[in-house]
Amino acid sequence: MRMSFADCELDLAQHSLLRGGAPVHVEPQVFDLIACLVAARGALVTYDDLIAQVWQGRIVSDATMAARISAARAAVGDDGRRQAVIRTLPRRGVQLAVPVAGGDSPKGATARRQSIRYTTSRDGTAIAWSETGEGPPLLRGGHWLSHLEYDWDSPVWQPVLDDLSRGRRLIRYDPRGTGLSDRVLNDADVEKLADDLEAVADAAGLDRFPLYAISQSVPVAIAFAARRPERVSRMVLVNGLVQGSTAAGDKARTDTIVGMIRSGWAVPGSAFMKAVATVFMPRATPEELASFEEMQGLSASADIAADIRTVIAEIDVRDRLEKVTCPVLVMHSSGDSVQDPEQSKLLARRLPDAEYQLLDSPNHVLVPSDPMWARCAKEVDRFLAAETVAG
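Throughout this document, residue positions are counted from 1 along each chain, in the order its sequence is written. Given that the model is predicted, a residue must reach a pLDDT of at least 70 before its local features are reported, and side-chain atom pairs must reach 80 or more before they are shown or counted; all residues, however, enter totals for whole chains, interfaces and linings. Only hydrogens and water are removed before side-chain values are computed, so all heavy atoms of the structure are retained for them.

Peer 1: Could you give an account of the overall build of the protein, with specific residues and numbers?
Peer 2: Counting from the N terminus, the helices are DSSP H or I runs at least four residues long and the strands are E runs at least two residues long. Helix and strand content of the protein: 12 helices and 16 strands. Restricting the calculation to C-alpha atoms gives the radius of gyration, and the globule rule supplies 2.2 Å times the number of residues raised to the power 0.38. Its C-alpha radius of gyration of 22 Å places the protein within 12% of the 21 Å reference for a compact globule of 391 residues. Classification of residues uses two cut-offs on accessible area relative to the type maximum, computed with a 1.4 Å probe and protein chains only: under 20% is buried, over 50% is exposed, and between them is partly exposed. Here the protein, with 391 residues, has 54% of them falling under the buried criterion. Looking at the protein alone, contacts between residues at least 24 apart form 71% of all its contacts between residues at least 6 apart. Only the protein chains shown count as cover for residues, and all accessible areas are computed by the Shrake-Rupley method using a 1.4 Å probe. Total accessible area on the protein is roughly 16,100 Å²; 52% of this is exposed by carbon and sulfur atoms. In this tally, Lys and Arg are treated as positive and Asp and Glu as negative; His is ignored, and so are the chain termini. Lys charges are placed at NZ, Arg charges at CZ, Asp charges at CG and Glu charges at CD. With 44 positive and 52 negative side-chain charges, the protein shows a spacing of 3 Å between the two charge centroids. Contacts: residue pairs with any heavy atoms within 4.5 Å of one another.

Shown next, in the form of structure tokens:
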């Protein structure tokens, strides 16, 4: 993917920068900084954005950031006095001062619509979260195989985010161990994962709010709603679980999946990557499958992914269901081979105020090309709109 600006050309695939047709050597962080500015296409890139995208959330000194910006200017033939290409807005951030050509969908360009921040969970783990859109709040539970930034470039997740943030203030986060959050689990269990959700809700200033959860974020949402029923107004739970395989007495299944993850996760072209994508979304386009394969490496390391799967397998929230007092919409794909639809049937039976819908799909992850995707989106809108009317 090539993009041109001023007399420069940036090639993201080759990780190269040309100025006046000649190659320019730049350090990796300087290249990433330039790429962020080019992707934004003249929009302001805040210092917080730079920290999240160039330094992956690590704390850096003002002097270090200033040095990288100065190096980026030098690389594109600019300087701090002229600021003809890279402009600084004091105390706010930086932006590209020239137009960009090429690159129909550069990585991170769409992500400019969101604001990424950090909060700290109860045990000190740093959790990255973001908000998009305006209107009544909706908190989306965090799950693996996603990433706050790269989701916006995914044919699987971008349509979901666009739909959920239309007319709403969508708050979402990367779970511990994944994405931009701390890449450690710190002895995670369902309680700590619920702590992460609560930390994000607190940081976003949410008092009482609806929750949207899929897959393994479903038991986390249940744990939080049972713990703090006064804070959850409604829940949408899609293709979730109540009890993991180890908790259900099938540790052999857990060990098999974990072993496959450790040996094949994020290995380009590996049979495991393709198998996971196909099992999660057998009814998907080649583009959707390829994007889902790519997300494995972006979301988490093989060791973290294996540990997350171990944590999921040990989850059991059956004893929390009767403590959830809010209205709940439960949906599950009829042919889901990742989480048995019986798990959601149990949810619908045991939750005090739940409605249940079975979706005619084999997909665990509902993709936009699946006819059931549109039905699911419509039902979510209907269910959440009922809260607005009631309010």
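Peer 1: Explain the packing of helix α8 (residues 271-280) against helix α9 (residues 286-299) residue by residue, including any values.
Peer 2: As a packed pair, α8 and α9 sit with axes 9 Å apart at the nearest point and diverge in direction by 120°. Comparing their axes, α9 and α8 come out oblique. The handedness of the crossing between α8 and α9 is right-handed. Where α8 abuts α9, its residues Phe272, Met273, Lys274, Val276, Ala277, Thr278 and Phe280 lie against Leu289, Phe292, Glu293 and Gln296. Under this grouping Gly is polar, as are all residues other than the nonpolar Ala, Val, Leu, Ile, Met, Phe, Trp, Tyr, Cys and Pro and the charged Asp, Glu, Lys and Arg. Across the contact of α8 with α9, the residue classes tally to seven nonpolar, two polar and two charged. Note on geometry: axes are C-alpha line fits, over the in-contact stretch for helices, and angles between N-to-C directions span 0 to 180 degrees. For classification, angles of less than 35 degrees are called roughly parallel, those exceeding 145 degrees roughly antiparallel, those between 65 and 115 degrees roughly perpendicular, and all remaining angles oblique. Two helices crossing with the near one rotated counterclockwise from the far one by less than a right angle form a left-handed crossing, whereas a clockwise rotation gives a right-handed crossing.

Peer 1: So what's going on with the pairing of strand β11 (residues 137-140)? Which residues, and what values?
Peer 2: By this definition, two strands are paired if DSSP reports at least two bridges between them. Pairing geometry for β11 and strand β12 (residues 169-173), over four bridges, is parallel. Bridging from a neighbouring strand, Arg140 pairs with Arg172 of β12. The definition of a right-handed crossover adopted here requires that, viewed with the strands pointing away, the path from the first strand over the helix to the second runs clockwise. Once the chain exits β11 it traverses helix α4 (residues 158-165) before rejoining the sheet at β12, and the crossover so formed is right-handed. With two bridges joining them, β11 and strand β13 (residues 209-214) adopt parallel strand pairing. Each residue of the ladder has a partner; that of Arg140, found in β13, is Tyr212.

Peer 1: Hey, could you go over the confidence of the model for the protein for me, with residue numbers and the actual values?
Peer 2: Confidence along the protein averages 90 in pLDDT terms, with 96% of residues attaining 70 or more. Below pLDDT 50 for its whole length, residues 105-112 participates in 24 contacts with residues either more than four positions away or in separate chains. Confidence scores labelled pLDDT are given residue by residue by the predictor and lie between 0 and 100.

Peer 1: How would you sum up the nonpolar core? Please name residues and give values.
Peer 2: If you look at the biggest cluster of nonpolar residues, it comprises 87 residues, and the most contacted ones within it are Leu139, Met235 and Leu237. When residues in this core are grouped by element, the largest group, eight residues, is from helix α6 (residues 217-227). Dropping the residues within four chain positions of it, Leu237 is found in contact with Ala213, Val218, Ala221, Ile222, Val328, Leu329, Val330, Met331, Leu347 and Leu351. Here, the term nonpolar core denotes a set of buried Ala, Val, Leu, Ile, Met, Phe, Trp, Tyr and Cys residues that are joined through side-chain atoms within 4.5 Å. Listed in part, the 32 residues of the second largest apolar core include Met65, Ile69, Val76 and Val94.

Peer 1: Please provide a residue-by-residue account of the sheet that holds strand β7 (residues 93-96), values included.
Peer 2: Taken together, the three strands give an open sheet; going across it, the order is β5-β7-β6, and neighbouring strands pair in antiparallel fashion. Each edge of the open sheet is held by one strand with a lone partner, namely β5 (45-46) and β6 (86-89). As paired elements, β5 and β7 share two bridges and run antiparallel to each other. Counted as the bridge partner of Val45 is Val94 from β7. Packed onto the sheet, helix α1 (residues 28-40) meets β5, β6 and β7 and runs at close to 65° relative to β7.

Peer 1: Break down helix α3 (residues 62-75) for me, citing the residues and quoting the values.
Peer 2: The span one expects for a helix is its residue count, reduced by one, times 1.5 Å. Taking 1.5 Å per residue as the helical rise, α3 with its 14 residues ought to reach 20 Å, and the 20 Å between its terminal C-alpha atoms agrees with that figure. Buried within α3 are the following residues: Met65, Ile69, Ala72, Arg73 and Ala75. Down the axis of α3, the buried set is contained in an arc of 165°. They therefore lie on one face. Exposed positions of α3 whose direction lies more than 90 degrees from the buried face are Ala63 and Ala74. Turning to α3, the residues buried within the fold contact β3 (16-19), α1, α2 (47-54), β6 and β7. Once α3 finishes, Gly77 follows within two positions and takes phi at roughly 80°, a positive value. Starting at the helix axis, one direction is taken to each C-beta atom, and the arc is that of these directions.

Peer 1: Describe unusual backbone geometry, and please don't skip the residues or the numbers.
Peer 2: For His15, which is not glycine, the phi dihedral falls at a positive 55°. Within the secondary structure layout, His15 lies in the loop between β2 (8-11) and β3. Of note, the phi angle at Asp187 is positive, near 55°, even though the residue is not glycine. Along the chain, the position of Asp187 falls in the loop between β12 and α5 (190-203). Its relative accessible area of 69% is what places Asp187 among the exposed residues.

Peer 1: Any details on the environment of Val94? Residues and values, ideally.
Peer 2: Within the secondary structure, Val94 is located in strand β7. Val94 sits in the buried class, given a relative accessible area of 0%. Considering only alpha carbons, one finds Val94 and Ala43, 51 residues apart in sequence, at a separation of 8.7 Å. Contact partners of Val94, with chain neighbours within four places excluded, come to Leu37, Ala43, Leu44, Val45, Leu50, Ile69, Arg87 and Thr88.

Peer 1: Now, about the state of the cysteines: what can you tell me, with residues and values included?
Peer 2: Disulfides are defined as cysteine sulfur pairs within 2.5 Å. All told, the structure shown has zero disulfides when counted by the stated rule. Not engaged in a disulfide, the cysteine Cys8 finds its nearest cysteine sulfur in Cys36; these two sulfurs lie 16 Å apart. Free of any disulfide, Cys326 has its nearest cysteine sulfur in Cys376, 17 Å distant. Given the relative accessible area of 4%, Cys326 is considered buried.

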